[in-house]
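Here is what each chain is made of, one letter per residue.
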Amino acid sequence: MKIQTKSSAQNIVKCLLITSVVFFHASMFLVANPAEVMSQFNILLTLFPFLMMVFFFYAGYNYTPGKRSVGQNIKRRTFQLLIPMVITLVVSCGIIFAIKLPTASDKVIEVEKLTNSICYSLMSEPLSLMIGYPANGLLSFDMDLAIGILWFLYALYVCSIFFYLIVDYAIKKPARLLSIIFILLIGAFCMGQFAGVYLPYTVQCYPVALAMMLLAAYLKQFNFLDKKPESKKDLIFLIINTVVAELVVVGIGLFGYFYYGSTMVGSLPGGMFDSNIKGFDAFVSFIMGFLGTFVVHQLSRLIMKVPVLSTVFDWYGRHSSYVYLSHPLFLSFIHTIIFQEQTKVGGFQPYLYVFMTIAMLVVIFLFVDWIIAIIKNKKHPVEANNAC
């Protein structure tokens, strides 16, 4: 069996960020109104408000010019994003029904909540809110979350199509790239400022995400994230840049909180712009996404120097997409079946939810990886033995 000995900085970043996402969503299960979590001060979002923008940055950074045609890239993205999205949608609906229905005191009302939530999420939350659906207000947060997180997949898919169409043209000249990014951010600003901060299918954030992907593809040409310091002076300069970048991110977040009363500046929760600064959040999200990716990537490069820790984080990070798609189901199971929707454990209950979710997923991942290894060994026994 082949053993991976070199960790990936990107996988370590994904491990850290996806765990933060799980914690954020776990907190939502423990309040009467899940939206309250976004209105409360959160130190995690102060330090890492750029969670989702990092994934968009990596999507552009991993692009290799000339490796595939535009059509091949779009076809590949379709299999990577749309098919898993449809599968997750169907499976999530079935599992949430199986979790919530048996424990419901009024099964008729529960069915109505669940079906309302499916329609609510498929229409996208912004559109549902605009048309006042459902009129009776009956919704299931468990179902909303399980389907609602898919916004990232369809947003990335749409952005990827435009990205592949223009990326080779855009990254040839810096002036051309900056012009396109400026136009995209102005477009996002206008939508957020004049049309709304939370539009159907989160379209207001697409130009920001696309701009981030284009910038990342351009910076990849210079090995921006992984360039090794050639001297002690370069290393000191890298450390200073990393610290300053994080201070800028935290400073913007704290300024937004204390001056505007905003807790979600630059974080794009569900693709939403901050309701206080509106369209200006497009620029803030872009800046935070760029600086934040640099910060967490350098942090992950530091973690890579710790053998055991880097191996564990890298392994978990390689499964981050599965964590993202499935963690709402585990949180729902823990909250509904194990804790019976009670919130009497105390302030550490969100941490307990996260720990239990990750523990369950790790067991599943280890089992699946073991099965895959056995299958590979049976198909290619000679190659497997040589790789061990």
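Values in this document were obtained by computation on a predicted structure and should not be read as measured data.

Draft legend 1. Region of the structure containing the overall build of the protein. Each helix and strand in the protein was counted, giving 16 helices and zero strands. Its C-alpha atoms give the protein principal-axis dimensions of roughly 65 × 60 × 45 Å. The buried share of the protein, reckoned over its 388 residues, is 48%. In the protein, once contacts between residues fewer than 6 apart in sequence are set aside, the share between residues at least 24 apart is 78%. Here the protein displays about 19300 Å² of accessible surface, and carbon together with sulfur accounts for 69% of that area. Both charge centroids of the protein, one from 27 positive and one from 18 negative side chains, sit 14 Å from each other.

Draft legend 2. Seen up close, the nonpolar core. Within the largest apolar cluster, 106 residues are counted, with the highest numbers of intra-cluster contacts made by F152, F163, L214 and Y324. It is helix α10 (residues 206–220) that contributes the most residues to this core, 13 residues altogether. If we ignore the near neighbours within four places in the chain, the residues touching F152 are M52, F55, F56 and Y324.

Draft legend 3. Spotlight on the pattern of salt bridges. Under the criterion given, the structure shown has three salt bridges. Among the ionic pairs, D314 bridges to R318, the shortest N-O distance being 3.1 Å. By relative accessible area, which is 2% here, D314 ends up buried. Three or more residues are tied together by salt bridges with common partners; here these are K100, D142 and E341.

Draft legend 4. Region of interest: helix α15 (residues 349–379). Helix length check: α15, at 31 residues, gives a terminal C-alpha distance of 45 Å against a target of 45 Å (1.5 Å per residue), a fit within 8%. Looking at α15, one finds that the buried residues are Q349, P350, Y353, V354, M356, T357, L361, F365 and A373. Next to the buried residues of α15 lie α1 (9–28), α13 (307–317) and α14 (320–338).

Draft legend 5. Inspection of unusual backbone geometry at higher detail. Here the residue pair Y133 and P134 is connected by a cis peptide bond, since its omega of -5° sits within 30 degrees of zero. You can see P134 is positioned in the loop between α6 (125–131) and α7 (141–148). In this structure, K278 takes a positive phi of about 50° despite not being glycine. Along the polypeptide, K278 turns up in the loop between α11 (232–260) and α12 (280–303). Taking the relative accessible area as the measure of exposure, K278 reaches 37% and is therefore partly exposed.

Draft legend 6. Representation of the confidence of the model for the protein within the structure. On average, the protein scores 91 in pLDDT, and the residues at 70 or more come to 95%. Low pLDDT (under 50) marks residues 1–6, which in the prediction has eight contacts with non-local residues, meaning those over four places away or in another chain.

Draft legend 7. Up close: a nonpolar patch on the surface. Residues I364, F367, V368, W370, I371, I372 and I375 make up a contiguous nonpolar surface patch of about 620 Å² in total accessible area. With respect to the helices, strands and loops of the structure, V368 is situated in helix α15.

Draft legend 8. Quick look at the packing of helix α3 (residues 51–61) against α12. Across the interface, α3 lies against α12 with an axial gap of 8 Å and an inter-helix angle of 80°. In terms of orientation, α3 and α12 fall into the roughly perpendicular class. When α3 is examined against α12, the residues M53, V54, F57 and Y58 are found in contact with a partner set consisting of S285, G289, F290, T293, V296 and H297.

Draft legend 9. Geometry of the packing of aromatic side chains. Applying the stated criterion across every chain yields a total of 25 aromatic pairs. On the numbers, 5.0 Å between centres and 55° between planes, the contact of F56 with F152 is tilted. Taken together, the residues F56 in helix α3 and F152 in helix α8 (residues 151–170) connect sequence positions 96 residues apart. With respect to burial, F56 and F152 carry one shared label: buried. Taken together, a centroid distance of 6.3 Å and an interplanar angle of 70° make the contact between W315 and F365 edge-to-face. Of the two residues, W315 sits in helix α13 while F365 sits in helix α15, which places them 50 residues apart along the sequence. With relative accessibility at 7%, the residue F365 sits in the buried group. Among the aromatic side chains, those forming a connected cluster through ring pairs are F55, F56, W151, F152 and Y324. For the cation-ring pair, R176 lies above Y169, with the distance from its terminal atom to the ring centre recorded as 3.9 Å. It is K220 that lies over the ring of Y61; its NZ or CZ is 5.2 Å from the centre.

Conventions we followed
- Residues numbered from 1 in each chain as written.
- Predicted model: local features only at pLDDT ≥ 70, side-chain atom pairs only at ≥ 80, totals over all residues.
- Heavy atoms only, no water.
- Helix = DSSP H or I, 4+ residues; strand = E, 2+ residues; numbered from the N terminus.
- Buried < 20%, exposed > 50% of the residue type's maximum accessible area, 1.4 Å probe, protein only.
- Contact = heavy atoms within 4.5 Å.
- Areas by Shrake-Rupley, 256 points an atom, 1.4 Å probe, with all protein chains shown as cover.
- Lys, Arg positive; Asp, Glu negative; His and termini not counted.
- Charge placed at Lys NZ, Arg CZ, Asp CG, Glu CD.
- Core = buried A, V, L, I, M, F, W, Y, C linked by side-chain atoms within 4.5 Å.
- Salt bridge = Lys/Arg side-chain N within 4 Å of Asp/Glu carboxyl O.
- Expected span 1.5 Å × (residues − 1).
- pLDDT = per-residue confidence, 0-100.
- Patch = residues over 30% accessible without salt bridge, like charges linked within 9 Å, V, L, I, M, F, W, Y side chains within 5 Å.
- Axes fitted to C-alpha atoms, helices over the stretch in contact; angles between N-to-C directions.
- Parallel < 35°, antiparallel > 145°, perpendicular 65-115°, else oblique.
- Phe/Tyr/Trp six-rings, centres within 6.5 Å; stacked < 30°, edge-to-face > 60°.
- Lys NZ or Arg CZ within 6 Å of the ring centre and 35° of its normal.

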